[in-house]
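Commentary on secondary and tertiary structure
Chain by chain, the residues:
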Amino acid sequence: MTTDLFYLLLPILVIDLLLKGTALIDLYRGPQESGRKWIWAFIIIFVSTFGPILYFLFGRSKGVSSHD
């Protein structure tokens, strides 16, 4: 029973960790704004799976990408 639950929750945990890692890396590499990075880092880490999603929807800079 517990192994079934583990295998059921494992993909959710992996997706959550990938979202958080990607959001934190993007936040770190983004432009420096006065104090907003600390707030977004707190939201990404402590607001479950929805923190990174909120960051990608509302927190990312809308600037032009430097990648060609």
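Anything mentioned here points back to the structure above.
The text that follows walks through the structure, step by step, so that each part is easy to find. (Residues numbered from 1 in each chain as written. Predicted model: local features only at pLDDT ≥ 70, side-chain atom pairs only at ≥ 80, totals over all residues. Heavy atoms only, no water.)

**What about the environment of Glu33?**
Looking at the secondary structure, you find Glu33 in the loop between helix H1 (2-29) and helix H2 (36-46). Residues Glu33 and Ser61, 28 residues apart in the sequence, show an inter-C-alpha distance of 9.7 Å. (Helix = DSSP H or I, 4+ residues; strand = E, 2+ residues; numbered from the N terminus.)

**Re a nonpolar patch on the surface**
Taken together, the side chains of Leu24, Phe42, Ile45, Phe46, Val47, Phe50, Ile53, Leu54, Leu57 and Phe58 present a nonpolar region at the surface, about 970 Å² in accessible area. Elements with a contribution of two residues or more to the nonpolar patch: H2 and helix H3 (50-59). At five residues, the largest contribution of residues to the nonpolar patch is made by H3. Tracing the backbone through its elements, the reader meets Val47 in the loop between H2 and H3. (Patch = residues over 30% accessible without salt bridge, like charges linked within 9 Å, V, L, I, M, F, W, Y side chains within 5 Å. Areas by Shrake-Rupley, 256 points an atom, 1.4 Å probe, with all protein chains shown as cover. Salt bridge = Lys/Arg side-chain N within 4 Å of Asp/Glu carboxyl O.)

**Re the environment of Tyr55**
Within the secondary structure, Tyr55 is located in helix H3. With a relative accessible area of 3%, Tyr55 lands in the buried category. Remark: the alpha-carbon pair of Tyr55 and Lys20, spanning 35 residues in sequence, is separated by 9.8 Å. For Tyr55, the contacting residues outside a window of four places in its chain are Ala23, Asp26, Leu27, Trp40, Ile44 and Arg60. (Buried < 20%, exposed > 50% of the residue type's maximum accessible area, 1.4 Å probe, protein only. Contact = heavy atoms within 4.5 Å.)

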